[in-house]
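Listed below, chain by chain, are the residues.
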Amino acid sequence: MKQQKLHWLKLDNAAKIYPAAKRRGWINFFRLSVTLSEKVDPAVLQNALDAIHKRFPSICARLCHGLFWYYLEEMPQAPIVREEGPCPLITENKKALGKSAIRVIYYDNRIAVEYFHSITDGTGGMVFLKSLVAEYIHQRYGAIIPYSREILDPRDPVRKEELEDCFQKHEGRVGRSRNDSRTYKLRGTKKGGKFLDLTCGELDSGELLHIAHDYEVSVTEFLCAVMLKSLITHQNEHISNIDRQRPVKVLIPVNLRRLYGEETLRNFSQYITPGIDPRLGEYTLRELAKAVHHHMGEELTPQKMSARIKVNTDAEKSIFARIPPLFIKNLVMRAVYDSVGETTSCLNISNLGIVRLPEEMAKYVDRFDFIIGPPASTPNNCSVVTYKGKVYINFIRNIKESELERIFFTNLVKLGLHVKIQSNQSEVYI
C-alpha cells in the first residue's frame, strides 16, 4: 500500500530561535493541563489522541533539520501518552524532538500537554488541549461536545488559516530598534538535576478583578505592577547600594490574533516589557499600576506590533541568515538569544485569560493550569490562567530559593486577597 505523504512546514518567524537556543539541560517547553472530575483512563486518552492528531499537523509534529534550516514534519502516528514524571517540564535528550515535539502526559485526574515552543504558543496549545479533552470526554462518557473555533472537530479538514505564518503577513514598513537596557538579573542556588519547583497561588477571580479595577487597570496590568513591586523588593534585599541597581522589567506576551483577526494555530505573539528604574526614586503600587497601564496602552497597537515584527522578519530575510549552513546559524542565533532575548526582562508573566468551555464539557473539568518553563539563563517564570472563578498563578524555578514567590504572594495578601498556596513539595495557606 502506498504510504501517505506527510505534511512539512517551515518554522514560523518566532519559532526559528528556539531550536538554535536549546542546549544540554534546557529546551524551551511550556505546559497546559486540565484536571478532570475523575481519574484519567490512559487507554481512552491514547484513543482520543489517535483520533485527533491528524487534525493538528503543525502541533503533532516532529522537529527535523536540513543543511540550512529546521522544519516541522507531521507525525505519521500520534505520540504515545505517558505517565507523569517527578515534576513538570522535565528536560529530555534533544533527539526526542526528532520523534515528537509534544508530550501528552497523565497523572491521577490530570491530562497535560507539553509543547516545544517552535510548534505553537499558548493560544494554539489551548485549542489543541481543549480538542483533545473534548474527544476524551466524548469517548469515555458518550457526551456530545459542540465544536467551535476553540474545540475543533477531528473529522474536519485542516484549514489553511490554521497553518499560516502570520508574521510575514503583518510585518510593518519600518522596524523598531531592539536595543533595550539590561535589567536586574534574578539569581539563586542551582538545584542540580532536572527537578523544577512549582508554586501555584489560587485566588478568587472576582476578588482579583475588583481590586484591579480599584487601581483602574486590567488584571494582567495589576499582576505586572505587583510583580514589579516584588522585584524591587527582591533587588533591595540583594543589592543595597542603589547606584548598583538596575531597571526591573516584566515580559508580557501578547496574543496578536486578537489584534489582527487571525486564526493560526502556530506561533503568533509578540511581547511588551513594562518596567521602571528604581534608581529614579520610590514608587507606590498605584504609581506602578499607572505606569504599566500607560506603557501597555502605548505599545499594544497594530502599528507598534507590526514594527516589532518587521525587525524579526528583516533579520530572517537577510542574506547572512539565509546563506550560512545550519550549524553556523545556530551559533549566531543562540548568541542573539542569550544577549538580547533574556537580558531585557527579569521574567515572564504570561496570562492566557479566562478559559471557557461548553456546559456539556465543563461539568467534567475542574481546573486548568498553565506553566512556562524557566528560561535558559534566568531561574524564574510566571504564568496565569482563569477557570470557573479561580485564578491560578504558577511560578516555576530551577533554584532553591523561593524568595520571589514569597514576596509576590505576600504582597497580594497584604492587599486583602485570599491566596491558597500549593506546590509540588507541600501545600500551605498564607
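(A) How the structure looks around the pattern of salt bridges. Enumeration over the complete set of coordinates arrives at 29 salt bridges. Note that E84 is salt-bridged to R110, the shortest N-O span being 3.2 Å. Of this pair, E84 sits in the loop between β5 (82-83) and β6 (102-107) while R110 sits in strand β7 (residues 110-116), placing them 26 residues apart in sequence. Using a relative accessible area of 16% as the deciding quantity, one classes E84 as buried. Residue R110 is classed as partly exposed on the basis of its relative accessible area of 26%. For the salt bridge of D197 with R397, the shortest nitrogen-to-oxygen distance reads 3.3 Å. In this pair, D197 is assigned in strand β8 (residues 197-204) and R397 in strand β15 (residues 390-397), connecting sequence segments 200 residues apart. A single salt-bridge network, built from bridges that share partners, covers R31, R82, E84, E92, R103, R110 and E114.

(B) Up close: helix α6 (residues 219-238). Helix length check: α6, at 20 residues, gives a terminal C-alpha distance of 29 Å against a target of 28 Å (1.5 Å per residue), a fit within 8%. Burial analysis of α6 places 14 of its 20 residues in the buried class, the great majority of the element.

(C) Molecular detail of the side chain of T91. In this fold, T91 is placed in the loop between β5 and β6. Contact partners of T91, with chain neighbours within four places excluded, come to G25, W26, I27 and K194.

(D) How the structure looks around unusual backbone geometry. Here D108, not a glycine, exhibits a phi torsion of approximately 55°, which is positive. Topologically, D108 is positioned in the loop between β6 and β7. Judged by its relative accessible area of 41%, D108 falls in the partly exposed class. Phi angles above zero are rare outside glycine, and E216 is one such case at about 60°. Inspection of the secondary structure puts E216 in the loop between α5 (205-214) and α6.

Thresholds, definitions, all that
- Residues numbered from 1 in each chain as written.
- Predicted model: local features only at pLDDT ≥ 70, side-chain atom pairs only at ≥ 80, totals over all residues.
- Heavy atoms only, no water.
- Salt bridge = Lys/Arg side-chain N within 4 Å of Asp/Glu carboxyl O.
- Helix = DSSP H or I, 4+ residues; strand = E, 2+ residues; numbered from the N terminus.
- Buried < 20%, exposed > 50% of the residue type's maximum accessible area, 1.4 Å probe, protein only.
- Expected span 1.5 Å × (residues − 1).
- Contact = heavy atoms within 4.5 Å.

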